[in-house]
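Coordinate inspection notes
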Amino acid sequence: MLEARNLTLWRGETCLFDRLSLHVPAGSVLLVRGPNGVGKTTLLRVLCGLTRPESGQVLWEGRDDPLTCRRLVAYGGHQSALKADLTVRQNLRFYRRLVGDAADESRLLELLSLSRCADLEARHLSAGQRRRAGLARILVSGRPAWLLDEPFTNMDSDGRRLLEARITSHVVAGGIAVVVAHDEVRLSGIRVETLNMADS
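Residues numbered from 1 in each chain as written. Predicted model: local features only at pLDDT ≥ 70, side-chain atom pairs only at ≥ 80, totals over all residues. Heavy atoms only, no water.

Counting residues in hydrophobic clusters, the biggest one holds 35 residues, and the most contacted among them are Val29, Leu112, Trp146, Ile167 and Val179. Of all the elements in the fold, those that place two or more residues in this core are strand 3 (28-33), helix 3 (88-98), helix 4 (106-111), helix 5 (127-140), strand 6 (145-149), helix 6 (157-172) and strand 7 (176-180). With 6 residues, helix 5 is the largest single contributor of residues to this core. Contacts of Leu112, omitting those with residues within four sequence positions, involve Arg132, Leu135, Ala136, Leu139 and Leu162. If you look at the next biggest cluster of nonpolar residues, it comprises 29 residues, including Ala4, Val24, Ala145 and Leu195. (Core = buried A, V, L, I, M, F, W, Y, C linked by side-chain atoms within 4.5 Å. Buried < 20%, exposed > 50% of the residue type's maximum accessible area, 1.4 Å probe, protein only. Helix = DSSP H or I, 4+ residues; strand = E, 2+ residues; numbered from the N terminus. Contact = heavy atoms within 4.5 Å.)

See below:
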């Protein structure tokens, strides 16, 4: 589903990656690891079209096309992308309508243990609650490709297990996930490859 060919990107006088290539077929996970500052977040932004490399191509379903990328990719960055003045429920309802999902959000709120804070404005959420609410956006997107930047940050043990289970079920269903993670990620029964950016 995803292929990157010979990606090169510089930040000032620093080359973050040079002729980096990768392939992530449907039904698999790519874990991206490495110390701070090596370009992990930048790589995700390149893969989802938010940052342009100096050279190289990113192909989704064999196409170097922003519309194809937009149709396939759900990106979860450092920020939760929640509207601070809206409640959790309103944020989720807004996003569901944006992606054309008209289903009731109550089951998803319960699944993510957000029911108790569903009517709280996003500005008042704890860091862990914001992370879960941001995850809800990914789950309702209907996109087959998840690009997740440190999704386990501020997650408690229950939240980590929940996210690991959701990634696993997404991949078993034929999706892909590219996950930047410093901590150990427990994913069993699925294909998992690791890209160490320090070695790229």
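After that view, the rundown keeps rolling.
Moving on, we get to the pairing of strand 6. Burial analysis of strand 6 places 5 of its 5 residues in the buried class, which makes it a mostly covered element. Both faces of strand 6 are covered, namely the face carrying Ala145, Leu147 and Asp149 and the face carrying Trp146 and Leu148. Across 5 bridges, the pairing between strand 6 and strand 7 is parallel. Its bridge partner lying in strand 7, Trp146 is registered against Ala177. Between the parallel elements strand 6 and strand 7, the chain passes through helix 6 in a crossover that is right-handed. (Pairing = 2+ DSSP bridges. Right-handed = clockwise from strand over helix to strand, strands pointing away.)

Ordered in space as 5-6-7-3-8, the 5 strands form an open sheet in which the pairing is parallel. Two strands lie at the open edges of the sheet, namely strand 5 (73-76) and strand 8 (191-196), each paired on one side alone. Across the sheet, the mean angle from the axis of one strand to that of its neighbour is 15°, orientation sign disregarded. (Axes fitted to C-alpha atoms, helices over the stretch in contact; angles between N-to-C directions.)

What follows covers the packing of helix 5 against helix 6. Closest axis-to-axis distance for the helix 5/helix 6 pair is 12 Å, and the angle between their directions is 10°. Here helix 6 runs roughly parallel to helix 5, going by the angle between their axes. Contacts between helix 5 and helix 6 pair Arg132, Leu135 and Leu139 from the former with Asp158, Gly159, Leu162, Leu163 and Arg166 from the latter. Taken together, the residues that form the contact of helix 5 with helix 6 break down as 4 nonpolar, 1 polar and 3 charged. (Parallel < 35°, antiparallel > 145°, perpendicular 65-115°, else oblique. Nonpolar A, V, L, I, M, F, W, Y, C, P; charged D, E, K, R; others polar.)

As a further point, take the environment of Met197. Relative to the helices and strands, Met197 resides in the segment after strand 8. Between the alpha carbons of Met197 and Lys40 there is a distance of 6.9 Å; along the sequence they are 157 residues apart. Excluding anything up to four places from it in sequence, Met197 contacts Phe17, Leu20, Val32, Arg33, Val38, Gly39, Lys40 and Leu43.

Okay, the sheet that holds strand 2 (residues 14-24) next. Taken in spatial order, the 3 strands make up an open sheet running 2-1-4, and their pairing is antiparallel. Only two strands of the sheet have a single partner each, and these edge strands are strand 2 and strand 4 (55-60). Across the sheet, the mean angle separating the axes of adjacent strands is 20° when strand polarity is ignored. Where strand 1 (residues 2-11) lies against strand 4, 5 bridges are found, and the strand directions are antiparallel. Of the residues in strand 4, the one forming a bridge with Leu2 is Trp60. Taken strand by strand, helix 1 (residues 40-47) contacts strand 1, strand 2 and strand 4, and its axis lies near 125° from that of strand 1.

Counted according to the given criterion, the structure contains 0 disulfides. With no disulfide of its own, Cys69 lies closest to Cys48 among cysteine sulfurs, the gap being 6.1 Å. Of the residues examined, Cys69 reaches a relative accessible area of 8% and is grouped as buried. (Disulfide = S-S within 2.5 Å.)

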